[in-house]
Structures are given as C-alpha cells and as structure tokens.
Amino acid sequence: FNRINKDRLAPKILNSEQIKTILSICYEKIDYTIQEFRYTQEKIKELDSFKYKFNRNDIYHVVHHFYKNYGYLPLLTEITTTEKTYVKKVGGVEEINRRLCPNPSTLLPFYLILLIELAGNSDAVRQIKLDCITEDPLFEDRCFINWDKARATTEQKRNVFKKCI
C-alpha cells in the first residue's frame, strides 16, 4: 500500500516568519480600519455641530447624510434617486458602508489574528462571545480569552497580549 496516494502532497504548514508577516499585515489593516472609523465618527460629530453646505462629492458629507437621516446605509431600493447619485459619486455602497459599520473585509484581519493567536479551530473561534476577555492579574499588558470547545464541552483559555485584541 505504500504507493497509494504517492502523488499526494503533504499539507502546507506556514513557518514562523510567514505567520509573523500575516500578523503584521493584519495589524496594519486593523490599525487603518480603526483610524478610518474613528475619523469618520469625528467628522459626523463635527458636521452635527454646525450648519454646512452639503457637498455631494464629499464622502463624509454623504456618510453624515445617511447617518443623520437613517442611522445606517439603507438599501438602494429604500433611497431616493437623488441619494443614489450621492452614493455613486463617492464610490458606491461599499465606500460608505465601511465608514459606518464593520463588514466582512474589515473583520477578516481580526478573525485571522484570533485564529493564529488562539491556535483554535475556526468554528470554535467564530463562536467566541463578546464577553470572552478577562484581565491577567499578573501582567497588565496581557489578558485571557476564554471560549467553549463544543465537542469537548470544556472551556478553552489562552493568554495573549492586549494588542492582539
């Protein structure tokens, strides 16, 4: 039987340098996403504080318009034809939506970091709850992430740097 599956390749395993590169890219993307989201929130507050001449070519004016009038970016079928032109002028729904709320592309780096740092099963990591973080009593720059392992019916715990979360 030693010739069966002979042509099959061994599974690829990432080395530590590749993992560090992936983590570095993820952290950069997370920092950018958070910075952009905070900037948008500041612009919304700033635009709330005074009357301004609406500029349909300014993405922050358009984001503020939808935030103020809807609280979110509505479906294209729910907005007026004029509002549809605003969306088109500033780059489309994705450009506006990523400034108002997380989406799969902005959440992916967070998920990848959790998978790598927790060395967990992707399904278990996907089901982590929001209240999973507890402080490390010994090190202020670290914390614990706790999650349930469904098949083993036990709780898994991992100590990570706070920067990871």
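Residues numbered from 1 in each chain as written. Predicted model: local features only at pLDDT ≥ 70, side-chain atom pairs only at ≥ 80, totals over all residues. Heavy atoms only, no water.

## Topic: the sheet that holds strand E1 (residues 133-135)
Two modes of strand pairing occur in sheets, parallel and antiparallel, and in both the strands are linked by backbone hydrogen bonds. Note the following rule: Pairing between strands requires that DSSP locate at least two bridges from one strand to the other. The secondary structure listing takes helices from DSSP runs of H or I that are at least 4 residues long and strands from runs of E that are at least 2 residues long, numbered from the N terminus. The axes are straight lines fitted to the C-alpha atoms, using for helices just the contacting stretch, and the angles between their N-to-C directions are given from 0 to 180°. Residue contacts are defined here by distance: any two heavy atoms, one from each residue, within 4.5 Å place the two residues in contact.
Spatially, the three strands line up as an open sheet ordered E1-E2-E3, and their pairing is antiparallel. Lying at the two open borders of the sheet, with one neighbouring strand each, are E1 and strand E3 (154-161). Averaged over all pairs of adjacent strands, the angle between their axes in this sheet comes to 30°, without regard to strand direction. Sheet topology places E1 next to strand E2 (residues 142-149); three bridges connect them, and they run antiparallel. Looking across to E2, one finds that Thr134 is bridged to Phe144. Where helix H5 (residues 104-118) meets the sheet, it contacts E2 and E3, and its direction lies at approximately 105° from that of E3.

## Digging into the pattern of salt bridges
Stated precisely, the cut-off is as follows: What makes a salt bridge here is a side-chain nitrogen of Lys or Arg within 4 Å of a carboxyl oxygen of Asp or Glu, nothing more.
Under the definition given, this model contains four salt bridges. Note that Arg99 and Glu36 form a salt bridge whose closest N and O atoms lie 3.5 Å from each other. In this pair, Arg99 is assigned in helix H4 (residues 93-100) and Glu36 in helix H1 (residues 16-48), connecting sequence segments 63 residues apart. Between Lys43 and Glu46 there is a salt bridge whose closest N-O contact spans 3.8 Å.

## Observations concerning empty space enclosed by the protein
Under the convention used in this document: Note on definitions: the grid is 1 Å and covers protein atoms alone; a cavity is a set of points where a 1.4 Å probe fits but cannot get out; a pocket is an open set with protein on both sides within 12 Å along at least five of seven lines; lining residues have an atom within 4 Å of a point. Grid points are joined across faces, edges and corners, and a volume is the space filled by probe spheres set on the points. Asp, Glu, Lys and Arg are counted as charged, while Ala, Val, Leu, Ile, Met, Phe, Trp, Tyr, Cys and Pro are counted as nonpolar; the rest, among them Gly, fall into the polar class.
Going through the model one piece at a time under the given rule, you end up with one cavity of 30 Å³ or more. Of the volumes computed, that of the largest cavity is approximately 30 Å³. Around the largest cavity, the lining residues are Lys29, Tyr32, Thr33, Glu36, Arg98 and Thr106. For the lining of the largest cavity, the element with the most residues is H1, which contributes four residues. Of the residues belonging to the lining of the largest cavity, the class tally is one nonpolar, two polar and three charged.

## Things to note about the environment of Glu36
The criterion, for reference: Only protein chains enter the accessibility calculation, which uses a 1.4 Å probe; a residue whose area is less than 20% of its type maximum is buried, one above 50% is exposed, and one in between is partly exposed. Residues adjacent in sequence count toward polar contacts only when both atoms are side-chain atoms; beyond that, a polar contact is any pair of N or O atoms within 3.5 Å, and within protein one must be able to donate a hydrogen and the other to accept it.
The exposure class assigned to Glu36 is buried, which follows from its relative accessible area of 11%. Glu36 sits 62 residues away from Arg98 along the chain, and the two C-alpha atoms are 9.0 Å apart. Look past the residues within four positions of Glu36 in its chain and what remains in contact with it is Arg98 and Arg99. A distance of 3.5 Å separates a polar atom in the side chain of Glu36 from a polar atom in the side chain of Arg99.

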